[in-house]
Amino acid sequence: MSTDTTIKSGRSADPDGPRATGPSVGRRVIDAVGVQNLSLLFALAVLVAIIGVNYPSFFSVANYQVIGKAVSIIGVLAVMQTLVIILSGLDISVGSAAGVGSVVSAMVFTSTGSNAGLGILAALGVGIVLGLINGCIIVYGRVNPVVATLATLAAYKGVAQLLSDGRAQGYTGSNDLFVFIARGSIIGVPTLIWIFALVAASAHVVLRYTDIGRNIYAIGGNDVAARLAGININRYIVGVYAVTGLVAALAGIMITARTGSGQPVSGSEGLELQAVTAAALGGCALQGGRGAIAGTVLAVVLLGVLDNGITLFGVNPFWQNVARGSLLVIAVVIQQLRNGERRIGMPT
Amino acid sequence: MTEPDAVFSLRGISKGFSGVQALSGIDLDVRAGEVLALMGENGAGKSTLLRIINGDHLPDEGEMRLEGQPLRHSSPAAAHAAGIRVVAQEPEIIADVDVAENVYTGALPHRGHRYSRRRAQAQAAADLDRLGFTGLIEPSRMGRRLSPAQRQLVEIMRGVLGNPRLIAFDEPTSSLSDPEVDVLFALIERLRADGVAVIYVSHRMSEIFRIADRIAVLRDGHLVGSRPTSETDERELVRMMVGRDLDALFRDDDRARGDVVLTVDDVTTEDVSGISLDVRAGEIVAIAGLVGAGRSELVKAVVGETRIGSGRVLMHGKALKLRSPQDGIRAGIGFAPEERKQEALIMGRSVRDNISLAGLDRLTRWHFVQRRRENELAAGFVESLRIKTPSIEQQVRKLSGGNQQKVVLARWLARKPELLILDEPTRGVDVGAKAEIYALIQRLAAEGTAVLIVSSELPEVIGLADRILVMRAGRIAGELPAGASEEAILDLAMTHEPLSARTESLPLEAHS
C-alpha cells in the first residue's frame, strides 16, 4: 500500500534528484496505514457507529468474540486468497478443498480410534496435495487459474461427497483438541481467532519482509520480467497454491471442530466467493502485483461486523449477500476512480 | 506573428499535472509540406505536447489552430476526424486480429453490413504497395506475431491513411532498422510533396538532419528555440537540449583484455543456426544486424530464456545447463532485455524493489530482506547513475524512459555479473542519458566485465565495440574490427539474394 500512496504526493518531477527527507507527518501516517485501508477503517467506523447507537450491546467482549469466531474461517481463506491474487492467480477451489479437509480430519480421527492429531495431520497433508494439483494444472497444463480451479472446485466437492457418502462424518464433539479449537481460548481470546491472527501475521511477515514475498509481488506485477531476473516462477506458483490447499484444509479442520463432525459441503460451500470478496475489498488488484494482508484483514472484519449488524437489526438474513455484494462493488469503483482509470472499454 | 501559410499552429499552450508544469507557453507553427523535428530530452514535454495535439489531454491555456480554424478537440477521435494523426512510439496492436484489421480498425472494409475479409486483405495489400511497405509485412499476419518493427509499420499505416492534414511521428524509428527507415523516409518525402504538415519527434541526430526542414527544441516544458536545419549543427542542438556541452563518444582502446568469459559453441535454436562466438573479460562485443536477424533470439538463448536445440554455451570454459534464465544468471550472466517495460521492469513497484530484484537473494538473512542494506544499495545507484527520481520509493512507471533504463542497468550492476548482455541499451533514451550509459558500459568493461551488446544504432555499435559481429537471417554473416564503417556493417547485414527470393526468406520474420 505504501508504494501506492507515495505517488499521490505529486512530487513526481522533482529535479533535485533523490531526497532523504520524506513527506509531512500526516502524510506519513496515511502512508503507513494506506489510503485503501483508511477508507475501510472509515466504513468500519460508520458501520460500528450506526449499530452501536441502536444496539449498545454491540460493544461487549462477548459480541466481539462472536464476530471474531464467525469470521475466522473465512479470514484464513481470505488471507491466502490475497497471496494468490497478488501472484495474479485466483483459487476458487478453496471451499471444496475445505470440505475435503473437514471430511478427512473427521474420518481419520474416527478410524484411528479418536486420534485428533493424526486426523488433523492427514487433513493438512491432503490439503497440500489438492493445492499441488491446482498449481501443477495451472503451470504444467497451461490452464487459466480461474478455469483450473473452477474445475477442481467441482472435482474436490465430488471427492468430499464420495469420501463421506454425502453425509456428515464422525463425531469430534467430545474430543479435547477439537473442543479446544472450537470453544477454547488462550488469554481470553478464542482459539479460532488465534488461528486467524497467526495465519494473517505469518502471511503479512512473509509478504512484507522476506524475499519470498517480494518475489510474489514481482511475479504478479510482471512475470516475464521476474523470470528474466532469475526468479523460478513455476516454483512460486506451485508453492503458493500448495500452501493455499494447506490453509483450505486448516479451514476444513476449523469447520469440523465447530460443527462436531466432518462436513463435506454444508460448512464450506460458498466460502471461496467470500474469500475473494474480502481480498478484493481489501484492495487487491485482480490483475496481480498489488494488495496487502492488512487490507484483507480489515475487509474480513468489516464483512463480519456487517453480518453481525444485520443479525442485530433482525433484517432478513438474505440481505447479507446483497450487502456484501454492494459493498464490494462500491469499494472497487472507488478504487478504480481514484486510480484515474479512463472509462473506456473493459477495465484492466 | 502567425505564419500566413501555417497549416497547424500552437499559441501559448500550457499544461500542468498536479503541480508539475509539463508545458509552459509553447508557440509553434508547422507549414504545409514542412517537416518540423521536435527534439528534447525525455521529460522535456514532447510527449505531453503530442498528447495535447492528439486530443488525449486538454491544454490548461492556449489555443490550437488547424488551417486557421481554432481547435478544441477533447478526444483522439475528434482529432482524427479533424485530420490530425499521431503515430505512437509504442503502438497498441490488437493481438488476435490480422494486420489488415489492425490497420482499418474503426473503418473496416465491408460488403453490405458484413465485414469482408477478402476486401480488407486486398485493400491492405494495395495500401502496403502504395506506401512502399510491400515485402516488409503481410496483411494476413496476426497482431501477436508481429515484430516490434512490423508493429511500428502498422501504426505508421494507420497514421498516413485517410486524408491527414498533420501527422506527428513519435520516435517512429526506435524499433526500425535502416532499410525500413529508408522506406519510412521515402514515405515522409511523399507526404511533404502532398502538402501534409509533419512533426517528427526523434532522438537520432542523423535522421533529423536527413529529413527535417526545421528543428524545434524543448527543454523542461519550454520551447528553447527553433532553427532551420541548414543553419544549425549537432553541437548547437545538444546544447539547446541539455543546456551544456556533452563530450563526444570516444572509444577507449587501452582496456586490458582478459580470459575468455563467454563461449558460444555452434548453437542452434528455432531462430538462429550455427552460432559460435566468444567474449573476453574487459571486452565489448556488439552484435549488429537488421531487426529480425535473430540477435535478440540469440542472446535470449545464451541467458537460458529460449531453448537451445544443439550446441553449447560455456562460461569460463564450463558448459552451462540452461533450463531457465535462473541458470544463466547463477552462472554470472546479467541480461537487460530489449523491451524494457514488458520484459524488465515491474512497473507498479518502486525503484528500490526493481533495482534489488535480481540480487535479492544476496540481501537476505533467513529469507528476511535486510532493508537497510537494500536501501543503501538502491540509493547508491540512484546517485551514481544519476537516476532522476524523487525517492527510491517512487513507482518505476512514473520515471522517464532513460531513467527506467538506468534502473534496469542498476539491477544488473548490483549483481556484478561477469558477463553483461544488453539488448538495445539506449532505445528511447535521450542524449544526456545515452552519453551516461555509454560511459557506464566502458567503465564496466575497464573493470573487467565482459559486455555483449545488441544494437540497431550503428553509431553506437561502431563507437562502443571492440569487435562487431553482424548477423543475417539467423547466422553470423561476418565479424568486423573496431571502428568499422556503417557501410561495411550494412553490407554484411543485408541479404544479397535477388529481390524475388527475398519475399520468401524475409529478414523481418517475427518470432513469437
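Residues numbered from 1 in each chain as written. Chains lettered and ligands numbered in written order. Predicted model: local features only at pLDDT ≥ 70, side-chain atom pairs only at ≥ 80, totals over all residues.

Trainee: I would appreciate a short explanation of the overall build of chain B in the present structure.
Mentor: Within chain B, the regular secondary structure consists of 18 helices and 24 strands. Computed over its C-alpha atoms, the radius of gyration of chain B comes to 24 Å, within 12% of the 24 Å expected for a compact globule of 512 residues. Taking the principal axes of its C-alpha atoms as reference, chain B extends roughly 70 × 55 × 45 Å. Sequence separation of at least 24 residues holds for 67% of the intrachain contacts in chain B that already meet a minimum separation of 6. (Helix = DSSP H or I, 4+ residues; strand = E, 2+ residues; numbered from the N terminus. Rg over C-alpha atoms; globule rule 2.2 N^0.38 Å. Contact = placed C-beta atoms within 7 Å.)

Trainee: What's the story with the overall build of chain A in this structure? I'm lost.
Mentor: If you tally the helices and strands in chain A, you get 15 helices and 2 strands. Counting every position in chain A, which comprises 348 residues, the buried fraction comes to 49%. Across chain A, every contact between residues at least 6 apart in sequence was considered, and the portion connecting residues at least 24 apart equals 78%. (Buried ≥ 20, exposed ≤ 12 C-beta atoms within 10 Å, placed from the backbone.)

Trainee: Honestly, the environment of Ala6(B) in this entry has me stumped. Any pointers?
Mentor: All names here are of chain B. Counting through the fold element by element, alanine 6 comes out in strand β1 (residues 6-17). On a C-alpha basis, the gap between alanine 6 and leucine 38 in space is 16 Å, while along the polypeptide they are 32 residues apart. Setting aside anything within four residues of it in sequence, one finds alanine 6 in contact with Asp29, Val30 and Arg31.

Trainee: Sorry if this is basic, but what is going on with the packing of helix α13 (residues 271-281) of chain A against helix α14 (residues 293-312) of chain A here?
Mentor: Packed helices, taken two at a time, are described by their axes: the angle between them and the distance between them. Residues and elements named next belong to chain A. Contact geometry for α13 and α14: axes closest at 7 Å, N-to-C directions at 120°. Relative to α14, the element α13 lies oblique. In this structure, α13 meets α14 at a crossing whose hand is right-handed. Contacts from Ala278, Ala279 and Leu281 of α13 reach α14 at Thr296, Ala299, Val300 and Leu303. Classifying every residue of the contact of α13 with α14 by side-chain character gives 6 nonpolar, 1 polar and no charged. (Axes fitted to C-alpha atoms, helices over the stretch in contact; angles between N-to-C directions. Parallel < 35°, antiparallel > 145°, perpendicular 65-115°, else oblique. Left-handed = near helix turned anticlockwise from the far one by under 90°. Nonpolar A, V, L, I, M, F, W, Y, C, P; charged D, E, K, R; others polar.)

Trainee: What exactly am I supposed to notice about the sheet that holds strand β3 (residues 35-39) of chain B here?
Mentor: Two strands in a sheet stick together by hydrogen bonds in their backbones, pointing the same way (parallel) or opposite ways (antiparallel). All names here are of chain B. Taking strand neighbours across the sheet as the criterion, the 6 strands line up as β6-β9-β10-β3-β11-β12 in an open arrangement whose pairing is mixed. The sheet terminates laterally at β6 (84-87) and β12 (222-228), the two strands that pair on one side only. For this sheet, the mean angle separating the axes of adjacent strands, direction not counted, is 20°. Summarising the sheet, strand β9 (residues 166-170) and strand β10 (residues 197-201) pair through 5 bridges and their orientation is parallel. (Pairing = 2+ DSSP bridges.)

Trainee: Would you take a moment to explain the domain arrangement of chain B for this structure?
Mentor: Reports of interface size often rely on the accessible area that becomes lost once the parts have come together. Taken domain by domain, chain B consists of domain 1 (6-93 + 146-242), domain 2 (246-332 + 417-512) and domain 3 (350-415). Centre-to-centre, using C-alpha coordinates, domain 1 of chain B lies 33 Å away from domain 3 of chain B. (Domains from an automatic or database assignment.)

Trainee: Explanation requested: unusual backbone geometry in the structure shown.
Mentor: Glycine aside, the phi torsion of most residues is negative, and most peptide linkages are trans. Residue and element names in this part refer to chain B. Its identity is not glycine, yet glutamate 67 carries a phi of approximately 50°, on the positive side. With respect to the helices and strands, glutamate 67 occurs in the loop between β4 (61-66) and β5 (69-71). Given 15 C-beta atoms within 10 Å, glutamate 67 falls into the partly exposed group.

Trainee: When you look at the confidence of the model for chain A in this model, what are you seeing that I'm missing?
Mentor: Detail in the predicted coordinates should be disregarded across regions flagged by low pLDDT. Mean pLDDT over chain A: 87, with 90% of residues reaching 70 or higher. Below pLDDT 50 for its whole length, residues 1-22 of chain A participates in 42 contacts with residues either more than four positions away or in separate chains. (pLDDT = per-residue confidence, 0-100.)

Trainee: Sorry, what's going on with the pairing of strand β24 (residues 475-481) of chain B here?
Mentor: On a regular strand, one side chain projects to one face of the sheet and the next to the other, so that they alternate. Residues and elements named next belong to chain B. Direction of pairing for strand β23 (residues 467-472) relative to β24: antiparallel, over a ladder of 6 bridges. Residue pairing across strands places arginine 467 opposite proline 481, the latter belonging to β24. What sits between β23 and β24 in their antiparallel hairpin is a turn of 2 residues, with alanine 473 showing a positive phi close to 50°.

Trainee: Honestly, the sheet that holds strand β17 (residues 318-319) of chain B in this entry has me stumped. Any pointers?
Mentor: Residues and elements named next belong to chain B. Strand order in the open sheet formed by 4 strands is β14-β13-β16-β17, with antiparallel pairing between adjacent strands. The open sheet has two edge strands with one neighbour each: β14 (275-280) and β17. Bridging between strand β13 (residues 260-268) and β14 involves 5 bridges; their strand directions are antiparallel. Paired with valine 267 across the strands is isoleucine 275, a residue of β14.

Trainee: In this structure, what is going on with the nonpolar core? I would like to understand it.
Mentor: Buried together is how nonpolar side chains tend to be arranged in soluble globular proteins. Val76(A), Leu77(A), Ala251(A) and Tyr200(B) are the most contacted members of the largest nonpolar core, which has 253 residues in total. For this core, the leading source of residues is helix α12 (residues 233-259) of chain A, giving 18 residues. (Core = buried A, V, L, I, M, F, W, Y, C linked by C-beta atoms within 7 Å.)

Trainee: Is there a simple way to explain the packing of helix α5 (residues 94-111) of chain A against α13(A) in this structure?
Mentor: Residue and element names in this part refer to chain A. Packing of α5 against α13 brings their axes to within 6 Å, and their N-to-C directions diverge by 130°. Considering the angle they form, α5 stands oblique to α13. Mapping the contact onto sequence places Val94, Gly95 and Ala98 in α5 and Leu271, Glu272 and Ala275 in α13. Residues belonging to the contact of α5 with α13 are distributed by class as follows: 4 nonpolar, 1 polar and 1 charged.

Trainee: Mind showing me how you'd approach the pairing of strand β16 (residues 310-315) of chain B here?
Mentor: Residues and elements named next belong to chain B. Bridge count for β13 against β16 is 5 bridges, and the pairing is antiparallel. Note on β16: the bridge partner recorded for valine 264 is valine 313. Here β16 runs beside β17; their pairing, made up of 2 bridges, is antiparallel. Residue methionine 315 lies in a different strand from β17, and its bridge partner there is lysine 318.

Trainee: Got a minute to help me understand helix α5 (residues 148-160) of chain B in this structure?
Mentor: Note: α-helices contain 3.6 residues per turn, so residues at a spacing of three or four share the same orientation. Residues and elements named next belong to chain B. Relative to the 18 Å expected for 13 residues at 1.5 Å per residue, α5 spans 19 Å between its end C-alpha atoms, a close match to the ideal helical length. A large share of α5 lies buried, amounting to 13 of its 13 residues. Remark: glycine 162 follows α5 within two positions and exhibits a positive phi of approximately 85°. (Expected span 1.5 Å × (residues − 1).)

Trainee: I tried to follow helix α6 (residues 116-140) of chain A on my own but got confused; where do I start?
Mentor: The end-to-end C-alpha distance of α6(A), which contains 25 residues, comes to 36 Å, matching closely the 36 Å that a straight helix rising 1.5 Å per residue would cover. Two residues or fewer past α6(A), Arg142(A) is found with a positive phi of approximately 55°.

Trainee: Is there a simple way to think about the environment of Gly33(B) in this case?
Mentor: Residue and element names in this part refer to chain B. As for its placement among the helices and strands, glycine 33 is situated in the loop between β2 (20-31) and β3. Measuring from C-alpha to C-alpha, the distance between glycine 33 and valine 198 comes to 7.3 Å, with 165 residues separating the pair along the chain. Beyond its immediate sequence surroundings of up to four residues, glycine 33 is in contact with Arg192, Ala193 and Gly195.

Trainee: Teacher, can you tell me more about the confidence of the model for chain B here?
Mentor: All names here are of chain B. Within chain B, residue pLDDT values average 85, and 92% of them lie at 70 or more. pLDDT under 50 marks residues 497-512. Its contacts with residues more than four places away, or in other chains, come to 27 contacts. As a predicted assembly, this complex carries a pTM of 0.75 together with an ipTM value of 0.82.

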